Amino acid sequence: MKISKELIEKYHRNECSAEETEAVEAWLFSGESDEALQLPLGEDKALHKAALWDEIEKVLPEEVPAPIPTKKPFYKSPFWSGAIAATLVIGVLAVAGYYITTVKPANDVPMVMVNNNSSMHVKHVEANAYNISVGPNTSTKINNITGIIDLSGSLLISPKKDITLLFEGSSEKMIFKAGQTYIILKGEDGVDKIIVVNEKNIMDLPPVLQKQIINEFKI
Amino acid sequence: MSSKFNRFLFFLLLLFCCAACTRKSADNGDATVKRYSIYILAKDGKEYLLQSNSLANGLLTPEQDGVELNSKEITRSVIVKDGYYYHLNRNKRTFVKYKLESKSLLEVGSVSLKNFSIENFYWKGPDTLLLTGLNTSDFSQVKYALINTAKMEQIAAGDMDIPRPSGRFDNMSVGFVELRNQKLFVGYTYHQQLSASNYTTSDTTYITKLNYPQMTAVKTDKDTRSTYPGGINTIQPYSFNDEQHNYYFMTCPGIALGNRPELPTAIMRIKSGSDDPDENYFFNLSASATHNHAYGMWYLGNNKVIIRTERKDLFKGLGDHYSTPHFEFYVADLISKTVNKLPLPLDKGTRRQCVLVNKDIAYISVNSPTEGNHIWMYHIKTGELKKGLQLGGNTDFIMRIDELTP
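Residues numbered from 1 in each chain as written. Chains lettered and ligands numbered in written order. Predicted model: local features only at pLDDT ≥ 70, side-chain atom pairs only at ≥ 80, totals over all residues.

1. Side note on the overall build of chain B
Then, in step 1: Across its full length, chain B holds three helices and 30 strands.
Then, in step 2: Each principal axis of the C-alpha distribution contributes one length, and for chain B these read about 90 × 50 × 45 Å.
Then, in step 3: In chain B, the proportion of contacts linking residues at least 24 apart, taken out of those at least 6 apart, comes to 47%. (Helix = DSSP H or I, 4+ residues; strand = E, 2+ residues; numbered from the N terminus. Contact = placed C-beta atoms within 7 Å.)

The structure is reproduced here in structure tokens:
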């Protein structure tokens, strides 16, 4: 089939038959000069080809230029690709683990609330004035402005500076000294008394409670 | 000439090396021959071990005279014998043997001990230690490990034929272990965890007699006159044999152990030659002149024993039970069932290895915020009581006094 200006224009307008389309595209992809093309005088075949390519490129999937093969990159070797993958996996796990087990509120949050529903794992929280480890099946709420603490379960608190806390429903203020770690235990029903002891005196707690805390916090 | 001179120099060098080595071992030797060991908890939370040849006088300070301990390695829940310290490192699951060198605690041996929480120890022989404990996952299975402490090797290990907690009870405690005529008497009871800060104990003292070394049960006796027999004896002792080999044990239902304060603290016994607990013997300490619960007892000989009693009018609860000075010491007579209070300052610390009996002297360590930390000497025959060694400096609690060498 002879490629004419009319045929090319028809191709542009998407009006070609299947046979005509095939012919135009065969011409287009052929790198050879084609004597069969009959163009008006003064019109350049190359310009038509370029215009056609522009049209086609709009509908063709984008082609990524093939990389120029040079020396094989080190990461393509089985050893290094394995090592990188392992590092990435460990890195992702470490970051995920850190964020799962450590809640890091903003330094000046007025309230720290932690609800640890896990029956096995301890949740660690860092606040401006203290670090706390929240035991399994424990919920706690510490108001950093009023110093009122509400707790159901077991908690370790390590103040960074001397702090005073007041237990919800109690009038007795307790001083927690910087650099020490305290164990706080409180039943959820509010009937059981609050027990606060310095971690150093854990052996003075009844063995039943002592063993439970050692297991929970891996002391 | 030159060769002779070189030989002379070499000889001098050897002499110097030998002298240096000799001096070092002499120093080390000095550190190991001390008679007594003192475990201190300081005001800043640091822990120290001190050794001394005398508890009778003088002043020691943990900062200057002690070795600071790494609390991740060792705690005061230790077994002290013949100059060595034995401790279970729960996190490393290893039972470790230590020796105190001049400036550090030196590990001299270890044996793997997994899923084990020590409840009681019993020396079956000079180098044979029977450890009784519970599984660490839920403290419901009684286990044992027999260890050769000279080689730090496990001889045998396994479960004891003792029923797990059932019904409302979910964990348990083993309070004493006594071997007699190839039969092992194990005293224990069951607990129910009620909340993070509360639990209760069965009203029953259980004593199971096991075949040794098979650890199979022969029979179990139940006694509801009191509960929580004994306690963890790596922290404080609760039982002994008298001169006739009658075995006495204390029951501790007070809030610091059994948390059944409505039941009496008592002393009970298994008579010499008997296979059964003595139903006819019951020394009700709560009903005696102490009018309080007691924890811990130390035998003085001739049917006399020192007990350590709490003062329920002076503390509020478990939160201040250890920090408030409220403990008193009494000498109790096992036969007449009478008690006499020792005129000592009120002591603090819920549980401590605080009494050491050596011939006619009972050394009693007292932590008094007003009168200081002293070891008092009670003369068993004359009843004389006087101050001995003082622990000063940063001392907050004298946690243990032990005899290192007989």
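2. Section: the overall build of chain A
Then, in step 1: Each helix and strand in chain A was counted, giving five helices and 10 strands.
Then, in step 2: Across the 219 residues that make up chain A, the buried fraction comes to 24%.
Then, in step 3: In chain A, of all internal contacts separated by at least 6 residues, the share reaching a separation of at least 24 is 33%. (Buried ≥ 20, exposed ≤ 12 C-beta atoms within 10 Å, placed from the backbone.)

3. Observations concerning the interface of chain B and chain A
Then, in step 1: Contacts between the two partners involve 32 residues from chain B, matched on the other side by 28 residues from chain A.
Then, in step 2: Within the residue set of the side of chain B that touches chain A, elements represented by two or more residues are β13 (171–180), β14 (183–195), β15 (198–201) and α3 (318–321) of chain B.

4. Re the pairing of strand β17 (residues 216–223) of chain B
Residue and element names in this part refer to chain B.
Then, in step 1: Looking at chain direction, strand β16 (residues 205–211) and β17 are connected through seven bridges and run antiparallel. Paired with T208 across the two strands is T220, which belongs to β17.
Then, in step 2: Where β16 hands over to β17, the hairpin turn is made up of four residues, of which M215 adopts a positive phi near 65 degrees. (Pairing = 2+ DSSP bridges.)

5. A closer look at the confidence of the model for chain A
All names here are of chain A.
Then, in step 1: Counting all residues, the mean pLDDT for chain A is 76, and 60% of those residues have values of 70 or more.
Then, in step 2: Here strand β1 (residues 102–103) stands out as the element of chain A with the lowest mean pLDDT, 54, in contrast to strand β4 (residues 130–134), whose mean of 97 is the highest.
Then, in step 3: Residue range residues 31–42 is modelled with pLDDT below 50. Its contacts to residues more than four positions away, or to other chains, number 11 contacts. (pLDDT = per-residue confidence, 0-100.)

6. Digging into the sheet that holds strand β11 (residues 142–148) of chain B
Residue and element names in this part refer to chain B.
Then, in step 1: A sheet is described by the order of its strands in space; here four strands give the open sequence β9-β10-β11-β12, paired in antiparallel fashion. Looking at which strands have only one partner, the edges of the open sheet turn out to be β9 (117–125) and β12 (153–159). This sheet shows a mean twist of 20 degrees between the axes of neighbouring strands, independent of strand direction. (Axes fitted to C-alpha atoms, helices over the stretch in contact; angles between N-to-C directions.)

7. Concerning the pairing of strand β24 (residues 328–333) of chain B
Residue and element names in this part refer to chain B.
Then, in step 1: Across six bridges, the pairing between strand β23 (residues 304–309) and β24 is antiparallel. When the sheet's bridge partners are listed, K304 is paired in β24 with D333.
Then, in step 2: Pairing geometry for β24 and strand β25 (residues 338–341), over four bridges, is antiparallel. Its bridge partner lying in β25, A332 is registered against V339.

8. A look at unusual backbone geometry
All names here are of chain B.
Then, in step 1: With an omega dihedral of 10 degrees, the bond running from Y212 to P213 counts as a cis peptide bond.
Then, in step 2: Within the element layout of this structure, P213 appears in the loop between β16 and β17.
Then, in step 3: The backbone of M215 sits at a positive phi, close to 65 degrees, despite the residue not being glycine.
Then, in step 4: Structurally, M215 can be placed in the loop between β16 and β17.
Then, in step 5: Taking the number of C-beta atoms within 10 Å as the measure of exposure, M215 has 19 and is therefore partly exposed.
Then, in step 6: Even without being glycine, K337 reaches a positive phi, approximately 55 degrees.
Then, in step 7: Within the fold, K337 resides in the loop between β24 and β25.

9. Some thoughts on the sheet that holds strand β8 (residues 105–112) of chain B
Residues and elements named next belong to chain B.
Then, in step 1: Taken in spatial order, the four strands make up an open sheet running β5-β6-β7-β8, and their pairing is antiparallel. Strands at the two margins of the open sheet, each flanked by one partner only, are β5 (79–81) and β8. Each neighbouring strand pair of the sheet contributes to a mean axis angle of 25 degrees, computed without reference to strand direction.

10. Some remarks on helix α1 (residues 5–12) of chain A
Residues and elements named next belong to chain A.
Then, in step 1: When α1 is considered as a whole, its buried residues turn out to be L7, I8 and Y11. When α1 is viewed along its axis, its buried side chains cluster within an angular range of 100 degrees and face the same direction. Facing away from the buried side of α1 by more than 90 degrees, the exposed set consists of E6 and E9. (Arc of directions from axis to C-beta.)

11. Topic: the confidence of the model for chain B
Residue and element names in this part refer to chain B.
Then, in step 1: Counting all residues, the mean pLDDT for chain B is 92, and 92% of those residues have values of 70 or more.
Then, in step 2: Predicted confidence is poor over residues 9–31, with pLDDT under 50, and the contacts of this stretch with residues over four places away or in other chains come to six contacts.
Then, in step 3: ipTM for the predicted complex: 0.87, alongside a pTM of 0.78.

12. Concerning the environment of I183 of chain A
All names here are of chain A.
Then, in step 1: Within the secondary structure, I183 is located in strand β9 (residues 182–186).
Then, in step 2: The class for I183 is buried, based on 24 C-beta atoms found within 10 Å.
Then, in step 3: With residues up to four places along the chain from it excluded, the contact list for I183 reads L156, V197, E199, I202 and I213.

13. Description of the nonpolar core
Then, in step 1: If you look at the biggest cluster of nonpolar residues, it comprises 93 residues, and the most contacted ones within it are I40, I306 and I364 of chain B.
Then, in step 2: Filtering out sequence-adjacent residues up to four positions away, I364 of chain B remains in contact with F329, L344, C354, V355, W376 and Y378 of chain B.
Then, in step 3: Residues A127, I184 and I213 of chain A together with Y322 of chain B belong to the second largest nonpolar core, which totals 29 residues. (Core = buried A, V, L, I, M, F, W, Y, C linked by C-beta atoms within 7 Å.)

14. Some details on helix α5 (residues 207–217) of chain A
Then, in step 1: Buried residues dominate α5 of chain A, accounting for eight of its 11 residues.
Then, in step 2: Those residues of α5 of chain A not exposed but buried are P207, V208, L209, Q210, K211, Q212, I213 and E216 of chain A.
Then, in step 3: Buried positions along α5 of chain A lie against β6 (148–159) and β9 of chain A together with β9, β13, β14 and β15 of chain B.
Then, in step 4: Of the residues one or two after α5 of chain A, K218 of chain A is the one with positive phi, at around 50 degrees.

15. Observations regarding the environment of E384 of chain B
Then, in step 1: By the element assignment, E384 of chain B lies in the loop between β28 (372–379) and β29 (385–391).
Then, in step 2: Assessed through the 10 C-beta atoms surrounding it within 10 Å, E384 of chain B is described here as exposed.

16. Focus on the environment of S288 of chain B
Residue and element names in this part refer to chain B.
Then, in step 1: With respect to the helices and strands, the residue S288 is situated in the loop between β21 (283–284) and β22 (294–301).
Then, in step 2: S288 gets classed as buried once you count the C-beta atoms within 10 Å, which come to 20.
Then, in step 3: Sequence separation between S288 and T338 is 50 residues, and the spatial gap between their C-alpha atoms is 6.9 Å.

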